[in-house]
Amino acid sequence: MVRPILEVENLKKHFPLKPSLLDSIRGAPTRFVRAVDGISFSIQPQGILALVGESGCGKTTTGKLVMGLYPPTEGKMVLDGVDVTALREDEMKAYRREVQMIYQDPFSSINPRFRIYEVLEEPLVIHNIGDREERMEKVSKALEEVKITPPEDYLGRHPHMLSGGQRQRVAIARAMILNPKFVVADEPVSMLDVSIRAEILELMKQLQEQRKLTYLYITHDISTARYFADHIAVMYLGKIVEMGPVREVIDNPIHPYTKALLAAVPEPIPERKDIIKELPIKGEVPSAVNIPPGCRFHPRCPRMIEACKTYDEKPFSASSEHWYTCINP
Amino acid sequence: MKMVAPPGKIVGGSIKIDGEDVVPLSEGEMRRRIRWQKISMIFQGAMNALNPVYSVGYQMIEPLIYLKGMDREEAVERAKKYLEMVGLDPEVVNRYPHELSGGMKQRSVIAMALLLNPKIVIADEPTTALDVVVQAQILNLMKKLKKELEMSLIFITHDLSTLAEISDRLAIMYAGKFVEIGDSMRIYHEPAHPYTQKLLRAIPRLHEDVDKLEFIPGTPPNLIEPPSGCRFHPRCPYAKPVCSREDPPMVRVNKDHHAACHLL
């Protein structure tokens, strides 16, 4: 097997909560939001890993940790042989050249005062690449690559003159302009209309093939994960509960949470309109401050047994690449 | 609902609710007789539909007191009953919106829309801002309530997957006009209009492998100067010369299935 391009081991990010006045008088210990609570995964070069889960499960925090935007509380991240967690601030700058991010909302991820040219030139300026002329050429090429053509027509425009789909293309061009190896795409299509969504996913796939990119695709939409990714990791309250090849996991889910999530996904099948869906899950996601002991899913799980309350969430394997954390699937 | 914000106004046509044309009605009459009583609305993004400085109960009882002349106690009782019906603890009446989760807020907003037993409820993207599990719970709830309360629902969404799970009939809209309307089974299985066909082929499927998703090139037109003839013709792969000249009429494709396209 090839060496994975990214290896993440027992990665944690805990955010301290500001104590209330009463708590600080009492001297109560600081409480933490355990946004990411010990996750491990690896991605093969040119692979696409989809990270799926509900809001608040820690998928965006994971993306930001991989980007090096937060220092992790604990754990290790190795990108292409380099231990990222051990990098100094000046070395981080070089790392960020290799790893880029596409954000969810193309309306707020682009500075409205910048012209499109400036949006795309900024990363080149920050990293001291080329002179003005060379940068101009790179910017035009980047726009062509995301099919914003002819580039001359767009260079002087401001973001508000573009549609949502065009803006997301500009955001993609900005992520690609430094020639990254690895791209974190955080819900890149969830704010877009259905028809544009397909177009952007196609574009991202094309870029991946041409540039031999690796993606971490963060989404709550499991149908697009199947279409876009080769592997999938299902996250619940800061931990990955099941991971494996995307088709295997979606067609044969093992963890009760994965099953519940899949059962909830709406599908364009009108025959189901009179059926009240069976949802094998209770209540709502608890807060990441008070994570239940044992298996963190047990209070909502339809298959809960006594032993779940003390289970240490060590994974079991289903096949060579497919694993899950459940003692009573 | 006759709630188009000025300077927007209704310039033609009629809206018959329960046989009565409401277009000529005054704002006062709409408020006294029609809105919330005959037709009500669930707005997009329940997070913003509730006023953060009033308790849920306070916001719910307003129409009961002003329109139904109930006293406070009676109104609160009724609000509690409806909160229970949408699967919430009746004690939610005393809670403030920030104390509720997204799903709970959406349920409160649904309860609010049903409070005066309207015959029609318009739900505008009621599940788009919610997570899949909560989304499925809300859809289940709406199906159940529709049956129990014998009401009609106009479900507005861009999400054709969600729509398939709840609709009997479907109308596909493009640039301000219906392009296809009819029985939802027929439309999902045999879409007649090129726009509908393209839209359905742009959805990734959960249990099927799609080699390549299709997409519709270009962007929806500016409605200040919509394209001549069929409004979809600049983006349509099958466009013929007639499409840019004449506006296609709605034609019958099948029983309870109509579409507006020159190719039919």
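These figures come from a predicted structure and were not determined experimentally.

Engineer: How should I be thinking about the overall build of chain B in this particular structure?
Structural biologist: Helices and strands together make up the secondary structure of chain B, namely 10 helices and 9 strands. Considered along the principal axes of its C-alpha atoms, chain B spans approximately 65 × 50 × 35 Å. Sorting the 264 residues of chain B into buried and exposed places 37% on the buried side. Sequence-distant contacts in chain B: of pairs separated by 6 or more residues, those separated by 24 or more amount to 53%.

Engineer: Before we go on, may I ask you to explain unusual backbone geometry in this structure?
Structural biologist: Across the chain, the bulk of peptide bonds are trans and the bulk of non-glycine residues have phi less than zero. Residue and element names in this part refer to chain A. For the bond running from Thr149 to Pro150, omega is -10°, close enough to zero to count as cis. Note on placement: Pro150 falls in the loop between α5 (132-145) and α6 (151-155). Although it is not a glycine, Gln46 sits at a positive phi angle of roughly 65°. Inspection of the secondary structure assignment puts Gln46 in the loop between β2 (32-43) and β3 (48-52). Taking the C-beta count within 10 Å as the criterion, Gln46 has 16 such neighbours and is therefore assigned partly exposed.

Engineer: Sorry, what's going on with helix α4 (residues 116-126) of chain A here?
Structural biologist: Since one α-helical turn is 3.6 residues long, residues separated by three or four positions face the same way. Residue and element names in this part refer to chain A. Of all the residues in α4, the buried ones are Ile116, Val119, Leu120, Glu121 and Pro123. Among the structural elements, α5, α6 and α7 (164-176) are those in contact with the buried residues of α4. With its phi angle positive at about 55°, Asn128 sits one or two positions after the end of α4.

Engineer: I would appreciate a short explanation of the sheet that holds strand β3 (residues 39-42) of chain B in the present structure.
Structural biologist: Strand pairs in the sheet, formed through backbone hydrogen bonds, run parallel or antiparallel to each other. Residue and element names in this part refer to chain B. Ordered in space as β3-β4-β5, the 3 strands form an open sheet in which the pairing is parallel. Whereas interior strands pair on both sides, the edge strands pair on one side only; in this sheet they are β3 and β5 (152-156). On average, adjacent strands in this sheet sit at an angle of 20° to one another, irrespective of strand direction. Sheet analysis places strand β4 (residues 120-124) next to β5, joined by 5 bridges and oriented parallel. Bridged to Ile122 within β5 is Ile154. Where helix α5 (residues 102-114) meets the sheet, its contacts fall on β3 and β4, and the angle it forms with β3 comes to roughly 175°.

Engineer: Where do I start with the pairing of strand β1 (residues 6-16) of chain A in this structure?
Structural biologist: Each regular strand displays side chains that alternate between the two surfaces of the sheet. Residues and elements named next belong to chain A. Alignment of β1 against β2, held across 9 bridges, turns out to be antiparallel. For Leu6, the partnering residue across the bridge sits in β2 and is Ile43. Here β1 runs beside strand β4 (residues 74-79); their pairing, made up of 5 bridges, is antiparallel. Within β4, the position partnered with Val8 by the bridge is Met77.

Engineer: Hey, could you run me through the pairing of strand β8 (residues 214-219) of chain A in this one?
Structural biologist: Residues and elements named next belong to chain A. For β8, the tally of buried residues reaches 6 of 6 residues, placing the bulk of the element in the interior. Of the two faces of β8, both are covered, the one formed by Thr214, Leu216 and Ile218 as well as the one formed by Tyr215, Tyr217 and Thr219. With 5 bridges joining them, β3 and β8 adopt parallel strand pairing. Across the sheet, residue Ile48 finds its bridge partner in β8, namely Tyr215. Pairing of strand β7 (residues 182-186) with β8, which is carried by 5 bridges, proceeds in the parallel orientation. Each bridged residue has a counterpart across the sheet, and for Ala185 the counterpart in β8 is Tyr217.

Engineer: What should I look at first to understand the interface of chain A and chain B in this one?
Structural biologist: A common measure of how large an interface is: the accessible area buried when the components associate. With 36 residues of chain A in contact, the opposing surface of chain B contributes 37 residues. Secondary structure elements with two or more residues in the side of chain A that touches chain B: α8 (194-211), α9 (222-228), α10 (246-251) and α11 (256-264) of chain A. The element that contributes the greatest number of residues to the side of chain A that touches chain B is α8 of chain A, accounting for 7 residues. Residues of the side of chain A that touches chain B, tallied by class, amount to 18 nonpolar, 7 polar and 11 charged.

Engineer: Hey, could you run me through the domain arrangement of chain B in this one?
Structural biologist: Under the domain assignment used here, chain B contains domain 1 (18-158) and domain 2 (171-260). Between the C-alpha centres of domain 1 of chain B and domain 2 of chain B the distance comes to 33 Å.

Engineer: Help me understand the packing of α5 of chain B against helix α6 (residues 132-149) of chain B in this model?
Structural biologist: When two helices pack together, their arrangement is given by the angle between the helix axes and by the axis-to-axis distance. All names here are of chain B. Relative orientation of the contacting elements α5 and α6 amounts to 20°, with a least axis distance of 10 Å. Compared by their axis directions, α5 and α6 come out roughly parallel. Pair α5 / α6 crosses with right-handed handedness. Contacts between α5 and α6 involve Gly102, Gly103, Gln106, Arg107, Ile110 and Leu114 from the former and Val134, Gln137, Ile138, Leu141, Leu145 and Leu149 from the latter. For the contact of α5 with α6, the class distribution of residues is 7 nonpolar, 4 polar and 1 charged.

Engineer: Sorry if this is basic, but what is going on with α11 of chain A here?
Structural biologist: Inspection of α11 of chain A places Pro256, Tyr257, Thr258, Ala260, Leu261 and Ala264 of chain A among the buried residues, and these make up the whole buried set. On its buried face, α11 of chain A sits against α9, β9 (231-236), β10 (239-245) and α10 of chain A together with α6 of chain B.

Engineer: What exactly am I supposed to notice about the sheet that holds β7 of chain A here?
Structural biologist: Residues and elements named next belong to chain A. A sheet is described by the order of its strands in space; here 8 strands give the open sequence β6-β7-β8-β3-β9-β10-β12-β11, paired in mixed fashion. Strands with a single pairing partner mark the edges of an open sheet, and in this sheet they are β6 (99-102) and β11 (316-317). Alignment of β10 against strand β12 (residues 323-324), held across 2 bridges, turns out to be antiparallel. In the sheet register, Met243 faces β12, and the bridge partner there is Trp323. Against the sheet, α11 touches β9 and β10, its axis set at about 100° to β9.

Engineer: Quick question: what am I supposed to make of the nonpolar core here?
Structural biologist: Nonpolar side chains in soluble globular proteins generally cluster together in the buried interior. In terms of nonpolar packing, the biggest core is built from 146 residues, with Ala50, Tyr217, Ile232 and Val234 of chain A touching the most fellow members. Inspection of this core shows a minimum of three residues originating in each of domain 1 (18-158) and domain 2 (171-260) of chain B. Among all residues touching Val234 of chain A, those that are not within four sequence positions of it are Val52, Gly53, Ile240, Val241, Glu242, His255, Tyr257, Thr258 and Leu261 of chain A.

Rules of the game
Residue positions are given per chain, counted from 1 along the sequence in the order it is written. Written order determines the labels here, with chains lettered from A and ligands numbered from 1. Given that this is a predicted model, residues contribute local features only at a pLDDT of at least 70 and side-chain atom pairs are listed and counted only at 80 or more, while totals for whole chains, interfaces and linings are drawn from all residues. Strands here are runs of E lasting at least two residues and helices are runs of H or I lasting at least four, both read from the DSSP assignment and numbered beginning at the N terminus. Three exposure classes are used. Buried residues have 20 or more other C-beta atoms within 10 Å of their own C-beta, exposed residues have 12 or fewer, and partly exposed residues fall in between, all C-beta atoms being placed from the backbone. We call two residues in contact if the C-beta atoms placed from their backbones are at most 7 Å apart. Strand pairing follows a simple DSSP-based rule, namely that at least 2 bridges must link the two strands. To get an axis, a line is fitted to the C-alpha atoms, and for a helix only the part in contact is used. The angle between two axes follows their N-to-C directions and goes from 0 to 180 degrees. Gly falls in the polar group here, along with every residue not listed as nonpolar (Ala, Val, Leu, Ile, Met, Phe, Trp, Tyr, Cys, Pro) or charged (Asp, Glu, Lys, Arg). Each domain's limits were defined by an automated method or a database of domain assignments. For classification purposes, angles smaller than 35 degrees are called roughly parallel, those larger than 145 roughly antiparallel, those between 65 and 115 roughly perpendicular, and all remaining angles oblique. Throughout, a crossing is termed right-handed when the near helix is turned clockwise from the far one, and left-handed when it is turned anticlockwise from it by less than a right angle. What makes a nonpolar core is a set of buried Ala, Val, Leu, Ile, Met, Phe, Trp, Tyr and Cys residues, with links drawn between C-beta atoms within 7 Å.

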